[in-house]
Amino acid sequence: MRRTTLQVHESSAKPAGAPKIRLATAWLGGCSGCHMSFLDLDERLIELAEVAELVYSPIADIKEFPENVDVCLVEGAVANVDHVKLAQEIRARSKVVVSFGDCAVTGNVTSLRNRLGVDDLLNQVYQNGPGSVPRGEGDEVVPRLIERVLPLHQVIQVDAFIPGCPPDPERIWAAVSALLRGEPVVLSADMRRFG
Amino acid sequence: MSRTITIDPVTRIEGHAKITIYLDNDGQVEDARFHVTEFRGFEKFCEGRSFWEMPGITARICGICPVSHLLASSKAGDAILGVRIPPTAEKLRRLMNWGQLVQSHALSFFHLSAPDLLLGMESDPAQRNIAGLIAKYPDIARNGIRLRRFGQEIIRILGGQSVHPAWTVPGGVREPLSNDHRNQIKRMLPEAFDIIGLALDLFKEAAEDLQEEAQVYGNFPSLYMGLVTPDGGLEHYDGVLRVVDSGGKVLEAGFPPERYRDIIGEAVEPWSYLKFPYYKPYAYGGPSYYKMGMYRVGPLARVNICDRAGTPKADEELRAFRQLSPKDKPVASSFYYHYARLIEILFSLEKIAETVEDPTITNARVRSHADVNQLVGVGVSEAPRGTLFHEYHVNEDGILQKVNLIIATGQNNLAMNRTVQQIARQYIRNGEITEGVLNRIEHGIRTYDPCLSCSTHAVGQMPMHVTVIAADGTVVSERTRG
Ligand code: SF4
C-alpha cells in the first residue's frame, strides 16, 4: 500500500460555510461494482454530501471532467482509447487520484482478455449473428480497444490504492474519510486484501 | 440537405453509450441509433477455464446485478453436473434473487429516475441527481437509500457481501441460513413495506403530470418475453419462457428455456458492441434496423405477460396497472417500466416475507455434489432488467469450450433504439436541440434501466454531446451538457 502525502486541505475541522471538498468518481473498464459498494455507504452518503460536493460521477449529471478536483476515485481498468483519454484528463485536473478496486489496481477480470488478440476476440464474439463485426474503426462511433488492458497506474500516476473486488464499504469509508480530512490513506492489513 | 446529430455521452465519462440521430432534408428525424461502446469479451476469454469458476467470473460482468449472473451461471453448472439441488438451496437462491430485485429496482427508481420524475425533466441539470434529491427531498432520498439497503442487506446476510458474494455454486449454495439471520430479515421487512407504499404513491402522482411523456417514451407495439411459472404466475428464478405479442396473443406459452436458441437470434451491427437479439420465428430484416422480431424484456414485459403475480398486494397493484391498457392488451409504453419495477419490489417483499416463515428455510442441507455428467449446460434467470441466459459447453474435465451469454439489456436493444427515435421525432423540430430534449431522450433510455456494464452500464445521467452535422460534413450546431 502506497501512502499519499498530498494534502487535500488544511485541517479536518471544517468551519461551517467552508468550501466543500471537490470529489469525483469515474468509471473505466469495470463492472460498476465498486460504485455500488460506494453507494453501500448508505446513510453515510448524506453525511458525505455535507462535506463533499460530487463534481463528476456516473451517478450525477455533469458534462465533462471538471478542473480543480480534490479527490477522484477511479473504478476499472484501462481498456479502450476513450479510457486512456479520460484517465489523462483525470490526472491533469485532480490533486489526488485513487485506484479504486482491483480492476484499477491490477487489471483484474477486465484484463483476462489480454491473452487474446483484439481482432481474434471481436471476430469470435460477434461471428454468429447476421450483420458485421463492430471494430471501433473509421468513424470512431465505438472506441477502439487497446491491445492490452492496463491497470490505471501504468497509464497515469496514481496517488493511493484501494484494493478489493469490490472494496467493501468500511474500507471505502476508511480511505475516503482520511482523504477528506487531508490525511494519508493508511489501510489496516485486513483492508489490504485483493478480491 | 440531410444531417446527422450525434448525442455522445462524452466518452470521457464512461465511453459507454452514444446516440446518433439522422435528419432528413426538412430537418425532421428520419432514423436514430443507440450505440453501446463498451466491450469486455467475457464470452471469449472464459474459454479454457473451468465452469466451476464461472459464477465468480461472470458476476464481475455487472456490479448492479451480480446475483443474476451468479444464479444463471450456477444453474448452468447444475445442468452440467446433472443434479437437482436441495429444495432449501433453491429457496435460498430465490431469496437472494428477490433481495437483488429490491435493491436494483430501488436504485433505478430513487437514485436514478426520481430526480427526473420529482425534480422535472427540464429541471437544472446540475441538481438533477441523487445529491439534488437529498437537498430538496431529504426524506424521500433517505427512504430510497434505506430500501436499496434492505435488498443489499439480504444479499450480504446470505452471501457474506453485497456485491459479488461467492455463495451460490453449481450444485446449490455454500452456506445455509441461520435462525438469527432469518429473524434479522423479518425485523427489516415492515420498514421496507412502508417505503414501497410511499414509492407507489410518488410514482402515481408524478405520472399524472407526465402523461405527454408516457405517450412517446417508447410507446409502440412490440413482443414481450420473460419467464413465468408453469401455471402463468410472475417468476424470476426458473419456470418457462412466454412470448406475447402487442395484442396480447400468446406466441409461446411454455417454451423450455434451455432451447432458447430456437426462438432467439442474435444480430450484430457495426455501430454497436451490443448485440441485437430478436424473436427468430419473425424476421430480422426489413426497411429499418429494428424489425418485426423486436421484443422487450424486464419488469414491463414480466408484468405484461404473467396471468397474475401470485401474492395479494402485488396482485392488487397489478390490477391497477392493467387499467392502463384496453382489455387484455399489454401496456405498451416503456414509461411504465417504472411502475412495473415498483410492483416487482412489492412482490419481492411479499415473497421474502413468505419465505422466511418457511420452516425448512434454515435446513443445513444446501448443496449437491457431483462431477461433470453433461457436456452442455444452460442456465436462465430473470435479472432485474430481463431474461438472462448462460450457455456453457465443456469437455469431460469441465473445461469450457464455448460460452454464450444473452444479457437482459441486450434484448431491449432494438426497443431502446426505437424509443430514442420516437422521442427524437416528438421533440426535435427542424434540427433544433434544447437541453430539455436531451434529457427526455436520456430518460427514454433510462426507463429500461439499461444494464450497460453487461454491455455499458450507464448509471445515472448520461452527459451528452450533441452535434448536428450537415450532409457535407460541416458542423451546423453543437451542444454539450451533462
Ligand atoms: S474491482 Fe471488481 S467490483 Fe470493482 S469494477 Fe472490477 S470487477 Fe467490478
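The shown structure was predicted, so the numbers you read here are calculated from the model rather than taken from an experiment. (Residues numbered from 1 in each chain as written. Chains lettered and ligands numbered in written order. Predicted model: local features only at pLDDT ≥ 70, side-chain atom pairs only at ≥ 80, totals over all residues. Heavy atoms only, no water.)

### Regarding the sheet that holds strand β3 (residues 69–75) of chain A
Residue and element names in this part refer to chain A. How we decide: Any two strands with at least two DSSP-identified bridges between them are counted as paired. What counts as a helix is a DSSP run of H or I of at least four residues, what counts as a strand is a run of E of at least two, and both are numbered from the N terminus. In this description, a line fitted to the C-alpha atoms serves as the axis of each element, helices being fitted only across the stretch in contact, and the angle between N-to-C directions of two axes falls anywhere from 0 to 180 degrees. The contact definition used throughout considers only heavy atoms, calling two residues in contact when any of these lie within 4.5 Å.
Strand order in this open sheet of 5 strands is β2-β1-β3-β5-β7, and the pairing throughout is parallel. Two strands close off the open sheet at either side, each with one partner strand: β2 (52–56) and β7 (160–162). With direction set aside, neighbouring strand axes in the sheet form an average angle of 30 degrees. Where β3 meets strand β5 (residues 94–100), 6 bridges bridge the pair, whose relative direction is parallel. Paired with Cys72 across the two strands is Val97, which belongs to β5. Relative to the sheet, helix α3 (residues 81–93) contacts β1 (21–27), β2, β3 and β5, its axis offset from that of β5 by approximately 135 degrees. Together, β1, β2, β3, β5 and β7 form the strand contacts of helix α6 (residues 169–180), whose direction differs from that of β5 by roughly 170 degrees.

### Let's talk about the packing of helix α5 (residues 87–119) of chain B against helix α12 (residues 337–356) of chain B
Residue and element names in this part refer to chain B. Going by this rule: To sort the angles, those under 35 degrees are grouped as roughly parallel, those over 145 as roughly antiparallel, those from 65 to 115 as roughly perpendicular, and the leftovers as oblique. Note: crossing handedness is left-handed where the near helix turns anticlockwise from the far helix by less than a right angle, and right-handed where it turns clockwise. Note on residue categories: nonpolar means Ala, Val, Leu, Ile, Met, Phe, Trp, Tyr, Cys or Pro, charged means Asp, Glu, Lys or Arg, and polar means any other residue, Gly included.
Viewed as axis vectors pointing N to C, α5 and α12 meet at an angle of 150 degrees, and their least axial separation amounts to 9 Å. Compared by their axis directions, α5 and α12 come out roughly antiparallel. α5 and α12 meet at a crossing whose hand is left-handed. On α12, the residues touching Lys91, Leu95, Trp98, Gly99, Leu101, Val102, His105, Ala106, Ser108, Phe109, Ser113 and Leu117 of α5 are His338, Arg341, Leu342, Glu344, Ile345, Phe347, Ser348, Leu349, Lys351, Ile352 and Thr355. The residue inventory of the contact of α5 with α12, partitioned by class, reads 12 nonpolar, 7 polar and 4 charged.

### Things to note about the packing of aromatic side chains
Residues and elements named next belong to chain B. For clarity, the threshold we go by: Pairing of aromatic rings covers Phe, Tyr and the six-membered ring of Trp, with a centre-to-centre limit of 6.5 Å; geometry is then stacked below 30 degrees between planes, edge-to-face above 60, and tilted otherwise. Only protein chains enter the calculation, and the probe is 1.4 Å; a residue is then buried if its accessible area is under 20% of its type maximum, exposed if over 50%, and partly exposed in between. We call a charge positioned above a ring when the Lys NZ or Arg CZ atom is no farther than 6 Å from the ring centre and deviates by at most 35 degrees from the ring normal.
One pass over the structure, following the stated rule, counts 13 aromatic pairs over all chains. A centroid spacing of 4.8 Å and a plane angle of 45 degrees characterise the contact between Phe42 and Phe45, whose relative ring orientation is tilted. Of this pair, Phe42 and Phe45 are both found in helix α2 (residues 42–45), 3 residues apart, which corresponds to roughly one turn of the helix. For the pair formed by Phe42 and Phe45, the shared burial category is buried. Ring centres of Tyr279 and Tyr282 lie 5.3 Å apart, and the angle between their planes is 75 degrees; on these two criteria the pair is classed as edge-to-face. In textbook terms, an aromatic cluster arises when at least three aromatic residues are bridged by ring pairs, as seen for Phe203, Tyr217, Phe321, Phe335, Tyr336 and Tyr339. Residue placement shows Lys75 over the ring face of Tyr237; its charged tip is 4.4 Å from the ring centre.

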